[in-house]
Protein chains: 2
Amino acid sequence: MAAEKVFDVIFDSEGVCVGKLRNEVTNTAHKPFQVSRMLATDEGTFQGGEDTAPTPLEFFLTGLVGCLMTQIRVFAKKKKIPIGDLTVSCRAHWEAVADPDMPYAARPAGFVIDISLDSDAPEEAVRALLDGAKRACFVEATLAQKNDIQHNLRLNSAEPVAV
Amino acid sequence: MAAEKVFDVIFDSEGVCVGKLRNEVTNTAHKPFQVSRMLATDEGTFQGGEDTAPTPLEFFLTGLVGCLMTQIRVFAKKKKIPIGDLTVSCRAHWEAVADPDMPYAARPAGFVIDISLDSDAPEEAVRALLDGAKRACFVEATLAQKNDIQHNLRLNSAEPVAV
């Protein structure tokens, strides 16, 4: 039986092009809280950008590390597990591989996450906390499964079609 | 036979705790370019944070949308496919579901990406461009597969152990 739903998390993000490779992405949270803010990405001159903002992968990894850290801290408090210093590091590796039609294709090659923390709680309780935080981290749970990603194309203002 | 590697993409990210739920994440790109910058995440007061920075999911989704847009623009140029206005939107849905030990667990419920663009190129060429950009987007390729994620715990400065 599927686990009972506790709440939904729903976001809309819309990116528009500005400058050579700068993108301005407005993220709107609908549930479980409401907020709308813009974050800009760019590329360095190496890639043809103008270096006006961090690159997309910096945002992606900040989301991963930040989400896991937040879950550890929030759940530690809820489970009354005292934690002191906490550092979460992630080494991310991708390979760009040959592609028949394009300059390259992306091949994710794994993530190593190092969690350093101080706690007077028994090691068993700390491990249970980390296991729970991994299960509850929306980003890590996304990376841990093959996701359903649908694409629609609206070409020259025609009706959108699935692509 | 595995596709030939063209280049590596390697990042290290290190997050430290600041304030109630603020995390400061320093992302260092090692390959194929070098840069190191800090991005901060926080939560709203609803979640016990202080709202000093965007939430981790805003960073994550900015990474996804920004990476795909960048690949579309860079590959359009390389393949000499003229594109005008480009907007990429993403609706992301997760569910928080009941968990035996923790307040909840995360269940990703899919992503819908709408791409709106203007181009004088044949529709077939535009579709091939989008297919190639999807394959080359490091974030989308990560979401499209089940990833290898290792965790190590360093508790109270002891030697790190796999958890």
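Note that the coordinates shown come from a computational prediction; the quantities given were computed from them, not determined experimentally.

A. Structural detail: the overall build of chain A. The secondary structure content of chain A amounts to three helices and seven strands. Mapped in sequence order, the helices and strands of chain A form the string β-β-β-α-β-β-α-α-β-β. For a compact globule of 163 residues, the expected C-alpha radius of gyration is about 15 Å, and chain A comes in at 19 Å, more than 25% above that figure. In chain A, the share of contacts with a sequence separation of at least 24, taken over all contacts with a separation of at least 6, comes to 39%.

B. Here's a closer look at the sheet that holds strand β6 (residues 149-155) of chain B. Strand order across the open sheet formed by seven strands is β3(B)-β2(B)-β1(B)-β4(A)-β5(A)-β6(B)-β7(B), with mixed pairing between neighbours. Both edges of this open sheet fall to β3 (35-41) and β7 (161-162) of chain B, since each of them pairs with a single strand only. When strand β4 (residues 86-97) of chain A meets strand β1 (residues 5-18) of chain B, the two strands line up antiparallel, connected through eleven bridges. Across the sheet, the residue bridging to H93(A) is I10(B), located in β1(B).

C. Structural context of helix α2 (residues 123-136) of chain A. Taking 1.5 Å per residue as the helical rise, α2(A) with its 14 residues ought to reach 20 Å, and the 20 Å between its terminal C-alpha atoms agrees with that figure. Those residues of α2(A) lying buried are V126(A), L129(A), L130(A), G132(A), A133(A), K134(A), R135(A) and A136(A). Turning to α2(A), the residues buried within the fold contact α1 (56-78), β5 (105-117) and α3 (138-143) of chain A together with β5 (105-117) and β6 of chain B.

D. A look at the interface of chain A and chain B. Between chain A and chain B, the contact holds 109 residues from the first and 109 residues from the second. The greatest single-element share of the side of chain A that touches chain B, amounting to 18 residues, is contributed by α1(A).

E. Inspection of the relation of the copies chain A and chain B at higher detail. The two copies are related by a screw motion: chain A maps onto chain B through a turn of 180 degrees and a shift of 0.0 Å along the axis, at an RMSD of 0.0 Å. Within this description, the copies of the chain are treated as partners about a two-fold rotation axis. A symmetric contact is evident, with 100% of the interface residues of chain A recurring at the interface of chain B.

F. Structural context of the sheet that holds β5(B). One open sheet accounts for seven strands, arranged β3(A)-β2(A)-β1(A)-β4(B)-β5(B)-β6(A)-β7(A); its pairing is mixed. The outermost strands of the open sheet, each flanked by one partner alone, are β3 (35-41) and β7 (161-162) of chain A. Relative to β3(A), strand β2 (residues 22-31) of chain A is paired through seven bridges, and the arrangement is antiparallel. The residue of β3(A) that forms the bridge with T26(A) is M38(A).

G. Geometry of the domain arrangement of chain A. All names here are of chain A. For chain A, the domain assignment lists domain 1 (1-54) and domain 2 (55-162). The interface is formed by five residues belonging to domain 1 together with five residues belonging to domain 2. The class makeup of the residues in the side of domain 1 that touches domain 2 is three nonpolar, one polar and one charged.

H. Highlighting the environment of R107(A). Mapping R107(A) onto the fold places it in strand β5. For the pair formed by R107(A) and A96(A), sequence separation is eleven residues and the distance between their alpha carbons is 6.1 Å.

Conventions we followed
- Residues numbered from 1 in each chain as written.
- Chains lettered and ligands numbered in written order.
- Predicted model: local features only at pLDDT ≥ 70, side-chain atom pairs only at ≥ 80, totals over all residues.
- Helix = DSSP H or I, 4+ residues; strand = E, 2+ residues; numbered from the N terminus.
- Rg over C-alpha atoms; globule rule 2.2 N^0.38 Å.
- Contact = placed C-beta atoms within 7 Å.
- Pairing = 2+ DSSP bridges.
- Expected span 1.5 Å × (residues − 1).
- Buried ≥ 20, exposed ≤ 12 C-beta atoms within 10 Å, placed from the backbone.
- Least-squares fit on C-alpha atoms with pLDDT ≥ 70 in both.
- Domains from an automatic or database assignment.
- Nonpolar A, V, L, I, M, F, W, Y, C, P; charged D, E, K, R; others polar.

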